[in-house]
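So you can see what is in the structure, the chains are spelled out below.
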Amino acid sequence: MPAYKRILLKLSGEALMGDDAFGINRATIVRMVEEIAEVTRLGVQVAIVIGGGNIFRGVAGGSVGMDRATADYMGMLATVMNSLALADTMDKAGLVARVMSAIAIEQVVEPYVRPKALQYLEEGKVVVFAAGTGNPFFTTDTAAALRGAEIGAEIVLKATKVDGVYTADPNKDPSATRYTTISFDEAMSKNLQVMDATAFALCRDQKLPVKVFSIFKPGALRKVVQGGDEGTLVHV
C-alpha cells in the first residue's frame, strides 16, 4: 500500500550517465524507468523534474567566461533533451508520459500549464517537467520544489548517488552516519547541502517534505513510496 498518492521525483541529469563520462546511458535510463513503472503500478501519481548536468553544466559554462543567463538557458534546453529521452523510454515501457516545458518550444513539447498537468496526473500519466523554472539563476532543485508545491505533491523525492543525508561525506569520513529524519532548520544550521537554499526554503515554507535517497539502489524508489526506512526524510 503506497504511503503517498502524488509524488514529485527529482532526478539529476548526472544520474542518466551511468558510468559514462557524459550523455545518456541506455541501460541506466531503462532501469530507472522500470523503477518508475513499478511505482505507477501501485497507483501513485508521478511527476518528474530532471536536471541537465549530463549534457551541460550551467555554472561551469558561466565560470569560463560565458554569460551566466546564457549558460542557464543552455542548461534548460539540456533538460528538455533529457525529458524527451525519459518520456520515450517510458512510452516503450508501456507508460504514458507527457513532457511539459517551462519555455515555449511547441513543436517539440507542450508548454507547462498547471491545470493540464493536474489533469494528466489524475489520468495516470507520468508528467515530466522540462526546462527548470523557465528562468536563469534558478536550479532544477528549485524547479522541483516549485512544481511539487504547484501540483500538490505530498513529498519531493530527491534521487541522488548516496542513500540519504549523512553527518559528513561518507566517501571521505568512514564514521559518517545516515540521518533517518532531520528537520529543515537542523539541516540548514548544519549546512548539510540537501538542496540549494532557494529550493530548501520553498519546501520548508510550503511544509513540503523532502526525501533524499539513492536512485542507484534497486527497489529503493518503491520502498520510499511505501513508507519504508530508506534514505533521509527532511521535514518541518
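This text goes with the structure placed above it.
To start, this report covers the structure provided alongside it. Counting starts from 1 at the beginning of each chain's written sequence and moves along it residue by residue. With the structure being a predicted model, the display of local features is reserved for residues of pLDDT at least 70 and the display and counting of side-chain atom pairs for 80 or more, all residues being used for whole-chain, interface and lining totals. With hydrogens and water set aside, each side-chain value is computed from the structure's full complement of heavy atoms.

Turning next to the pattern of salt bridges. The salt bridge criterion pairs a side-chain nitrogen of Lys or Arg with a carboxyl oxygen of Asp or Glu, the two atoms within 4 Å. Applying the stated criterion across every chain, the model contains 16 salt bridges. Residues joined by salt bridges that share partners form a network here, namely Lys10, Asp141 and Lys158.

Right, let's get into the sheet that holds strand β1 (residues 6–11). Across the sheet, nine strands lie side by side as β4-β3-β5-β2-β1-β6-β8-β9-β7; this open sheet has mixed pairing. Unpaired on one side and paired on the other, β4 (110–111) and β7 (181–183) mark the two borders of the sheet. When DSSP locates at least two bridges between a pair of strands, those strands are taken to pair. Only DSSP runs of H or I reaching four residues or more are called helices, and only runs of E reaching two or more are called strands; each is numbered from the N terminus. Relative to strand β5 (residues 126–130), strand β3 (residues 97–101) runs parallel, the two sharing five bridges. Counterpart to Ala97 in the pairing with β5 is Val126.

Here we take up unusual backbone geometry. Residues other than glycine seldom take positive phi values, yet Ala131 does so here, at roughly 65 degrees. Relative to the helices and strands, Ala131 is located in the loop between β5 and α5 (140–150). You will see that Phe137, though not glycine, has its phi angle at about 75 degrees, which is positive. Within the secondary structure, Phe137 sits in the loop between β5 and α5.

With that settled, the discussion passes to the packing of helix α1 (residues 26–41) against helix α3 (residues 68–92). Only the stretch in contact is used when a helix axis is fitted, and all axes are lines through C-alpha atoms; the angle between N-to-C directions ranges over 0 to 180 degrees. Running from amino to carboxyl end, α1 crosses α3 at an angle of 60 degrees, the nearest separation of the two axes being 9 Å. Seen along the crossing, α1 lies across α3 with a hand that is right-handed. Two secondary-structure elements touch here, α1 through Arg26, Ile29, Val30, Val33 and Ile36 and α3 through Ala85, Leu86, Thr89, Met90 and Lys92. Basically, the charged four are Asp, Glu, Lys and Arg, the nonpolar ten are Ala, Val, Leu, Ile, Met, Phe, Trp, Tyr, Cys and Pro, and anything else, Gly included, counts as polar. Residue composition of the contact of α1 with α3, grouped by class: seven nonpolar, one polar and two charged. Left-handed is the label given to a crossing in which the near helix is rotated counterclockwise from the far helix by less than a right angle, and right-handed is the label when the rotation is clockwise. Residues are treated as being in contact if the distance between any of their heavy atoms lies within 4.5 Å.

A word on helix α4 (residues 114–122). Categorising residues by exposure relies on relative accessible area from a 1.4 Å probe, with only protein chains included: less than 20% of the type maximum marks a residue as buried, more than 50% marks it as exposed, and the intermediate range marks it as partly exposed. Considered for burial, the residues of α4 that qualify are Ala117, Tyr120 and Leu121. Projected onto a plane normal to the axis of α4, the buried residues spread over an arc of 100 degrees and lie on a single side. In α4, the exposed positions angled more than 90 degrees off the buried face are occupied by Pro115 and Glu122. In this fold, the buried residues of α4 make contact with β1, β2 (45–50), β3, β4 and β5. Of the residues trailing α4, Gly124 is marked for its positive phi of about 90 degrees. Along the arc lie the directions from the helix axis toward the C-beta atoms.

Right, let's talk about α3 for a bit. The α-helix winds at 3.6 residues per turn, so residues separated by three or four positions along the chain end up facing the same way. The terminal C-alpha atoms of α3 lie 36 Å apart, and with 25 residues this matches the ideal 36 Å at 1.5 Å per residue to within 8%. Throughout this description, a polar contact denotes any pair of N or O atoms lying within 3.5 Å of each other; where both atoms belong to protein, one of them has to be capable of donating a hydrogen while the other can accept it, and for residues adjacent in sequence the pair is counted only when both atoms sit in side chains. For α3, the N-terminal cap is Asp67; the gap from its side-chain oxygen to the backbone nitrogen of Ala69 is 3.2 Å. In the stretch just after α3, Gly94 is the one whose phi turns positive, near 90 degrees. One fewer than the residue count of a helix, multiplied by 1.5 Å, yields its expected span.

Structurally, the position occupied by Ala93 is in the loop between α3 and β3. Considering only alpha carbons, one finds Ala93 and Val33, 60 residues apart in sequence, at a separation of 7.5 Å.

Right, let's talk about the environment of Val225 for a bit. Its place among the elements puts Val225 in helix α8 (residues 220–225). Between the C-alpha atom of Val225 and that of Ile155, which follows or precedes it by 70 residues, the distance is 9.5 Å. If sequence neighbours within four positions are ignored, Val225 has contacts with Pro2, Ala3, Tyr4, Ile7, Val39, Leu42, Val44 and Leu157.

Here we come to the pairing of strand β6 (residues 155–160). Of all six residues in β6, six are buried, a share of seventy percent or more. Burial of the side chains of β6 extends over both faces: Ile155, Leu157 and Ala159 are buried on one face and Val156, Lys158 and Thr160 on the other. Bridge count for β6 against strand β8 (residues 210–214) is five bridges, and the pairing is parallel. Within β8, the residue paired with Ala159 across the bridge is Phe213.

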